[in-house]
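Descriptive analysis of the structure
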Amino acid sequence: MDNLSEALEKLKLASTDSATDSVESCLDCLLKALANNNTEASMKIQEMGVLPLLPTLLSPQSSCTPKVANIIAELAKNEFMRSPCVEAGLIPPLIQLLNSTDQEVLLQTGRALGNICYDSHSLQAQLINMGVIPTLVKLLGIHSHNTALTEMCLIAFGNLAELESSKEQFASTNIAEELVRLFQKQSEHEKKEMIFEVLAPLAENDVIKLQLVEAGLVECLLEVVAQTVDGEREEDITQLKTASDLMVLLLLGDESMQKLFEGGKGSVFQRVLSWIPSHNHQLQLAGALAIANFARNDGNCIHMVDTGIVQKLLELLDRHVEEGNVTVQHAALSALRNLAIPVVNKSKMLSAGVADVVLKFLQSEMPPVQFKLLGTLRMLIDTQAEAADQLGTNGKLVERLVEWCEAKDHAGVMGESNRLLSALIRHSKSKEVVKTVIQGGGVKHLVTMATSEHMIMQNEALVALGLIAALELVAAEKDFVGASLVSVLHKLLSDERSAPEIKYNSMILICAVMGSEPLHKEVQSLAFLDVVSKLRAHENKTVSHQASLTEQRLTAQS
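Remember, predicted model here, so these are calculated numbers, not experimental data.

1. Focus: the overall build of the protein
Looking only at helices and strands, one finds 37 helices and zero strands in the protein. Scaling as 2.2 N^0.38, a compact globule of 558 residues should have a C-alpha radius of gyration of about 24 Å, whereas the protein reaches 34 Å, well beyond that. If you line up the protein on its principal axes, its C-alpha atoms span 105 × 55 × 40 Å. Among the 558 residues that make up the protein, the fraction classed as buried is 55%. For the protein, the accessible area works out to roughly 24,900 Å², and carbon and sulfur atoms hold 50% of it.

Have a look at this one:
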């Protein structure tokens, strides 16, 4: 340590008169001390006030520069040295050095900047603002043959790509081409993994997704899948997962997805289809997720249903009723739900037996599967009276829906159950369905749904409740009273924030329940006439007209 103190004193003197030889020997001594005991040596260097001298030693022309940058890189391995390095003004001269042509200078400079900014989003953001990204991308292109420099660039990209502010800068460079070119040259698993770690955060940006597709990344990924699908080594399994996951991520961008779909004739689309019947769960999962992503517009959905994809998904689901791979179940149900959105697909999918296969998962205890199952059935029965009738009179289904309407730990499942319960009534308009829902104890949940914070759910509930009142008022009377329906309607009509359609459907429902004696008494006791009279002046003509009709009804029956 005495040698270090001596070297630090010498360095302070030598740096002022620019004696290169003596500076070099002092730097060698510092590096040796840091190699022996980094923490202790770093503390000593800080105590002796040497850090502020280092910016002047980072001259692009100086032969000392690689050693100085190396010392900074070693110092910044210690968390307690990072802020002092920033305060000493080391970042600007280090960034300038990234324009050097000396590969050793570039390597040590990259290490120094990486260590100083390690785990600090604010410092990384500072680097981005200082234009470091285009410089590093250029370096990767020029020095792609230098393994150490390439790895330094990849580590830097991996850290910077985590920041949202970096994506725009990356998108304005040719990073996609450079990474794909580099990937194509790699044969080692570790090197491919390093590139994957950069690609994943970058591919979250839609502009970069398209650039990666255009640069040929998809072909690289398909090749990785083909090489690893039958592999049993851990690295094969890891690469298969990473490549197929990245493939699905690229399909999340509208433009990149449409480019790969190519009207349903694209070779990539066809290859992904072949993953669904695979015996590999990871590929089945990726295949189903890819179909769900391709099924994001009506044209694609219609084409896929017409070319028999539904059957492939049903066969996949059938294999997983027993095997029970939750992620595959969830993905296949997601794909079916999306495919069921276009009206023309609904009857075709119902004829193919989609509802029957989906119902096999009714006993699932996994909320993500329950959520997608409910969404798929709701999409299928939209405007399909016969199917709504058939499902709405299925006692087991209604019983399960009522159970899930109470799943307070899973708001998504609870919301979808309520919506499906309402949809069964609204689309079937069937007395039998209404009876099944009343017997199953579903009425109180629809009344609660009418108080939802989401207007669309409020409205769906009110329309369903209106149909119950119109078709089976006597049978539902007790449940309406027990759930305080009249009180809920009074609140909805009194609340100025209620949308016009909510007010309109609430008044329709008030008129419908007046045929029940106990409900009629409740209506009279809550002074509905005052609330409804005020609505006659409502700016929405439909609401004001219905208010007049409701007022007449209330007056006539008071």
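2. Observations regarding the UniProt feature "repeat: ARM" (unreviewed entry) in the protein
The UniProt feature table records "repeat: ARM" (unreviewed entry) at residues 89-131 and 308-354. Between the C-alpha atoms that bound residues 89-131 the distance is 17 Å, and the span itself is 70% helix and 0% strand.

3. Focus: the nonpolar core
Counting 198 residues, the largest nonpolar core has L339 and F480 as its most contacted members. Considering every element that reaches this core, the biggest residue donor is helix α32 (residues 455-482), with eleven residues.

4. Overview of the confidence of the model for the protein
Per-residue confidence for the protein gives a mean pLDDT of 91, with 96% of residues at or over 70. By mean pLDDT, the top-scoring element of the protein is helix α24 (residues 343-351) (97), and the lowest-scoring one is helix α1 (residues 2-17) (62).

5. As for helix α6 (residues 79-87)
Buried within α6 are the following residues: M81, R82, P84 and C85. Looking at the buried residues of α6, the elements they touch are α3 (38-47), α5 (65-75) and α8 (103-116). Of the residues one or two after α6, G89 is the one with positive phi, at around 75°.

6. Focus on helix α34 (residues 500-513)
The first and last C-alpha atoms of α34 sit 20 Å apart over 14 residues, in line with the 20 Å expected at 1.5 Å per residue. Looking only at α34, the buried set comprises I502, K503, N505, S506, M507, L509, I510, C511 and V513.

7. Some thoughts on the packing of aromatic side chains
The final tally for this structure, using the stated rule, is five aromatic pairs. Ring geometry for F157 against F170: centres 5.6 Å apart, planes inclined by 80°, an arrangement best described as edge-to-face. Note that F157 is positioned in helix α11 (residues 147-160) and F170 in helix α12 (residues 164-171), a separation of 13 residues in sequence. As far as burial versus exposure is concerned, F157 and F170 are alike and both buried. Where F269 meets F294, the ring centres are 5.1 Å apart and the plane angle is 85°; that geometry is what we call edge-to-face. Of this pair, F269 sits in helix α19 (residues 267-273) while F294 sits in helix α20 (residues 281-294); the two residues are 25 residues apart in sequence, bridging distant segments of the chain. Assigned by exposure class, F269 and F294 land together as buried.

8. Quick word on the side chain of N505
Mapped onto the elements of the fold, N505 is located in helix α34. Separated by 2.8 Å, the side chains of N505 and N459 make a polar contact. When near neighbours in sequence (up to four residues on either side) are disregarded, N505 contacts N459, L462 and V463.

9. Observations concerning the state of the cysteines
Evaluated as defined, the whole model comprises zero disulfides. Sulfur of C29: no disulfide; nearest cysteine sulfur belongs to C26 and is 7.4 Å away.

10. Some thoughts on unusual backbone geometry
Although it is not a glycine, T383 sits at a positive phi angle of roughly 70°. With respect to the secondary-structure elements, T383 resides in the loop between α26 (367-381) and α27 (385-392). On the basis of relative accessible area, T383 is assigned to the exposed category, the value being 51%. Not every positive phi belongs to a glycine, and K429 is a case in point at roughly 45°. By the element assignment, K429 lies in the loop between α29 (411-428) and α30 (431-440). When its relative accessible area of 55% is taken as the criterion, K429 is described as exposed.

11. Some details on the pattern of salt bridges
Evaluated as defined, the whole model comprises 28 salt bridges. Among the salt bridges present, the one from E365 reaches R400, with a minimum N-O distance of 3.2 Å. One end of the pair, E365, is in the loop between α25 (354-359) and α26; the other, R400, is in helix α28 (residues 395-404), with 35 residues separating them in the sequence. The partner of R378 in a salt bridge is E416, with the nearest N and O atoms 2.9 Å apart. With R378 in helix α26 and E416 in helix α29, this pair connects stretches of sequence that are 38 residues apart. Grouping residues by exposure puts R378 and E416 together as buried. Taken together, the salt bridges that share partners define one network made up of E24, D28 and K67.

12. A word on the packing of helix α18 (residues 254-261) against helix α21 (residues 298-306)
At a minimum axis separation of 12 Å, α18 and α21 run at an interaxial angle of 35°. Here α18 and α21 pass one another in a crossing that is left-handed. In this structure, α18 contributes M257, Q258 and F261 to the contact, and α21 contributes N300, H303 and M304. Partitioned by chemical class, the residues of the contact of α18 with α21 number three nonpolar, three polar and no charged.

13. Focus: the environment of Y118
Structurally, Y118 is set in the loop between α8 and α9 (121-129). The class for Y118 is partly exposed, based on a relative accessible area of 48%.

14. Focus: the side chain of Q124
Following the sequence through the fold, Q124 ends up in helix α9. What makes Q124 buried here is its relative accessible area of 6%.

What counts and what doesn't
- Residue numbers restart at each chain and count upward from 1, following the sequence in its written direction.
- Since the coordinates come from a predicted model, pLDDT governs what is reported: local features require at least 70, and pairs of side-chain atoms require 80 or more to be given and counted, while whole-chain, interface and lining totals use all residues.
- With hydrogens and water stripped out, all remaining heavy atoms of the structure feed into the side-chain values.
- Secondary structure follows DSSP: runs of H or I at least 4 residues long count as helices, runs of E at least 2 residues long count as strands, and numbering of each begins at the N terminus.
- Taken over C-alpha atoms, the radius of gyration is set against a globule rule of 2.2 Å times the number of residues to the power 0.38.
- A simple rule labels every residue: compare its accessible area, found with a 1.4 Å probe on the protein chains alone, to the largest value its type can have, and call it buried under 20%, exposed over 50%, or partly exposed in between.
- Every accessible area reported is derived by Shrake-Rupley at a probe size of 1.4 Å, with residue values counting cover from the shown protein chains alone.
- UniProt positions are given in the numbering used here, feature names are shortened, and annotations may be inferred rather than shown by experiment.
- Here, the term nonpolar core denotes a set of buried Ala, Val, Leu, Ile, Met, Phe, Trp, Tyr and Cys residues that are joined through side-chain atoms within 4.5 Å.
- Scored from 0 to 100, pLDDT reflects the predictor's confidence in each residue.
- Any two residues whose heavy atoms approach within 4.5 Å at even a single point are treated as in contact.
- One less than the residue count of a helix, multiplied by 1.5 Å, gives the span that helix is expected to have.
- Each Phe, Tyr or Trp ring (for Trp, its six-membered ring) is paired with any other whose centre lies within 6.5 Å, and the angle between the two planes then decides the class: stacked below 30 degrees, edge-to-face above 60, tilted in between.
- As used in this structure description, the phrase polar contact means that two N or O atoms lie within 3.5 Å; if the pair is within protein, one of them must be able to donate a hydrogen and the other to accept it, and residues adjacent in sequence are counted only when both atoms belong to side chains.
- Note on terminology: disulfide denotes any pair of cysteine sulfur atoms within 2.5 Å.
- By convention in these notes, a salt bridge is any Lys or Arg side-chain nitrogen within 4 Å of a carboxyl oxygen on Asp or Glu.
- Lines are fitted to the C-alpha atoms to define the axes, a helix being fitted only along its stretch in contact, and any angle between axes, read from their N-to-C directions, falls within 0 to 180 degrees.
- Crossings are assigned a handedness: left-handed for a near helix turned anticlockwise from the far helix by less than a right angle, right-handed for a clockwise turn.
- In this classification, the charged set is Asp, Glu, Lys and Arg, the nonpolar set is Ala, Val, Leu, Ile, Met, Phe, Trp, Tyr, Cys and Pro, and all remaining amino acids, among them Gly, are polar.

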